[in-house]
Amino acid sequence: MEKTCVEVLIIGGGPIGLACGIACEEHQLDYLILEKGVLTNSLFHYPLNMTFFSTSEKLEMGGVPFMSVSHKPTRTEALEYYRRVTEKWRLRVRCYEEVLRLRRNENGTFTVTSSKGVYEAQNLILATGFYDLPNLMGVPGEDLPKVTHYYKEPWPYIGQRVLVVGAGNSAVDAALETYRKGAQVTMVLPGEGIDENVKYWVKPDIENRIKEGSIRAYTQSRVQEILAEEVLLHTPEGEVRVPNDFVLAMTGYRPNFALLDQLGVELSLDEKRQPCFDPDNQESNVPGVYLAGVVCGGLVTRTYFIENSIVHASQIVQHILQKKGAAS
Ligand SMILES: Cc1cc2nc3c(=O)[nH]c(=O)nc-3n(C[C@H](O)[C@H](O)[C@H](O)COP(=O)(O)OP(=O)(O)OC[C@H]3O[C@@H](n4cnc5c(N)ncnc54)[C@H](O)[C@@H]3O)c2cc1C
């Protein structure tokens, strides 16, 4: 099979992978973006009715204005925005092409094997996000078909007994939406209450529904076991059995470190498992391997957002240009 050679191979066609593509276009670097799913795959899989916490101008890139009906854009508006950005910049993105293996060669270049081909790259940018792997609860019954870690929309839950696990934005959105479509909702909260960082315009809504008893909430509790017709909860008052049809486990997500491991990118030894990189230029401990976007946060997935990661693109490309200048 013939190899395609590029200066920069970007893994991940999320917002930050696209921002890296734009930075390459601006500086005439030869690049390619490989995306395993659809364009902005993570955003595509977000709940249908989700609203971003960022205002639209904070999500802008490449000088393309982001117009949204309200100041906080919706998922659909964001999908359309990033599609337009890709079109305007004629970004070289190959969708439905998953990167499977990465190898650093003796001469410092990289061999990239995807589901569709083999590439030779001088530099790699890993912008693989964190949405592929859910944080599992690790309890019996978690693999039952009635359990999901990816909430999409409320319609399947009309008239059903739904358990929502978690206290963050995703859990709160799922609880309120399903409650308003007639589900009987119970929440399991690991701490004293709803997370402090839940969107400020949503937090009073969920707290008031819990206070008035429309949504039942067990605080300082966790799921112990999931059965076909009920769930067993561990609560401060002891074990509680709750009749149940569906479990929405909104327990967060974690980056897939497999590709980083293949290259020898080091992770911190503490519980954060943060990849090792230079914050001035995003280069990892492996020369020529750069990290961009939310993957940089390791298991602390709230460290990086689209808003504060767009800058990674220009930092990386500046560093690649400096290296190129020094070599010529
Ligand atoms: C519900 C929700 C709401 C959010 N709201 C906001 C907000 O309001 N503002 C904000 O700034 N951030 C928000 N975030 C965070 C933000 O969406 C993410 O930070 C954003 O998607 C990060 O962009 P990224 O490009 O780093 O990663 P991603 O968007 O996750 O992109 C990574 C891409 O890499 C692809 N990929 C992974 N592995 C491979 C592989 N092996 N081969 C090829 N492709 C691969 C994935 O398919 C994916 O498309 C939110 C997150 C969630 C979950």
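Bear in mind that the values here come from a model prediction, so they are computed numbers and not experimental data. (Residues numbered from 1 in each chain as written. Predicted model: local features only at pLDDT ≥ 70, side-chain atom pairs only at ≥ 80, totals over all residues. Heavy atoms only, no water.)

Trainee: Could you give an account of the overall build of the protein, with specific residues and numbers?
Mentor: Within the protein, the secondary structure is distributed over seven helices and 17 strands. A compact globule built from 328 residues would reach a C-alpha radius of gyration of about 20 Å, and the protein, at 22 Å, matches this within 12%. Projected onto the principal axes, the alpha-carbon positions of the protein cover approximately 70 × 40 × 35 Å. By residue count, 51% of the 328 residues in the protein fall in the buried class. Taking as baseline every contact in the protein between residues at least 6 positions apart, the subset at least 24 positions apart corresponds to 61%. Carbon and sulfur atoms provide 51% of the accessible area of the protein, an area that totals close to 15,600 Å². (Helix = DSSP H or I, 4+ residues; strand = E, 2+ residues; numbered from the N terminus. Rg over C-alpha atoms; globule rule 2.2 N^0.38 Å. Buried < 20%, exposed > 50% of the residue type's maximum accessible area, 1.4 Å probe, protein only. Contact = heavy atoms within 4.5 Å. Areas by Shrake-Rupley, 256 points an atom, 1.4 Å probe, with all protein chains shown as cover.)

Trainee: So, the sheet that holds strand β15 (residues 246-249): which residues are in play, and what are the values?
Mentor: Ordered in space as β8-β15-β9-β10-β11, the five strands form an open sheet in which the pairing is parallel. Looking along the sheet, the strands with just one partner apiece sit at the ends: β8 (147-148) and β11 (216-218). On the sheet, helix α4 (residues 169-180) packs against β9 (161-165), β10 (184-188) and β15 and is oriented at approximately 165° with respect to β10. (Pairing = 2+ DSSP bridges. Axes fitted to C-alpha atoms, helices over the stretch in contact; angles between N-to-C directions.)

Trainee: So what about the site of the ligand? Which residues, and what values?
Mentor: Contacts to the ligand come from 31 residues, most closely from Glu35, Ser42, Tyr46, Phe53 and Ser54. A distance of 2.6 Å separates an oxygen atom of the ligand from a polar backbone atom of phenylalanine 53. Interatomic distance of 2.8 Å between a backbone N/O atom of isoleucine 306 and an oxygen atom of the ligand. If the ligand stood free it would expose 980 Å²; the protein chains cover 93% of that surface. For the shell around the ligand, the elements supplying multiple residues, two or more each, are α1 (15-26), α2 (41-45) and α7 (306-327). Among the elements that line the shell around the ligand, the one with the most residues is α2, at three residues. (Near = heavy atom within 4 Å. Polar contact = N/O pair within 3.5 Å; in protein donor to acceptor, adjacent residues only side chain to side chain.)

Trainee: Please give an account of unusual backbone geometry that cites residues and values.
Mentor: At arginine 90, a residue that is not glycine, the phi angle is positive and equals roughly 50°. Locating arginine 90 in the fold gives a position in the loop between α3 (75-88) and β3 (93-94). Here arginine 90 falls in the exposed class, since its relative accessible area comes to 69%. Of note in the backbone geometry, tyrosine 96 takes a positive phi value of approximately 55° without being a glycine. Of note, tyrosine 96 is situated in the loop between β3 and β4 (99-104).

Trainee: An account of the packing of α1 against α7 is requested, with residue identities and associated values reported.
Mentor: Two elements in contact, α1 and α7, have axes separated by 8 Å at closest approach and are oriented at 35°. The two elements α1 and α7 meet at a crossing, and its hand is right-handed. Across the interface between the two elements, Pro15, Ile16, Ala19, Cys20, Ala23 and Cys24 from α1 touch Ile306, Ser309, Ile310, Ala313, Ser314 and Val317 from α7. Residue composition of the contact of α1 with α7, by class: 10 nonpolar, two polar and no charged. (Left-handed = near helix turned anticlockwise from the far one by under 90°. Nonpolar A, V, L, I, M, F, W, Y, C, P; charged D, E, K, R; others polar.)

Trainee: How would you summarise the pairing of strand β2 (residues 31-34) if you had to cite specific residues and measurements?
Mentor: Side chains of β2 alternate between two faces, with Tyr31 and Ile33 and Leu32 and Leu34 buried alike. Each parallel crossover has a hand, and the one from strand β1 (residues 4-11) via α1 to β2 is right-handed. Two strands pair when backbone bridges link them, and β2 and β3 are joined in this way by two bridges, in the parallel orientation. The partner of isoleucine 33 across the bridge, within β3, is valine 93. (Right-handed = clockwise from strand over helix to strand, strands pointing away.)

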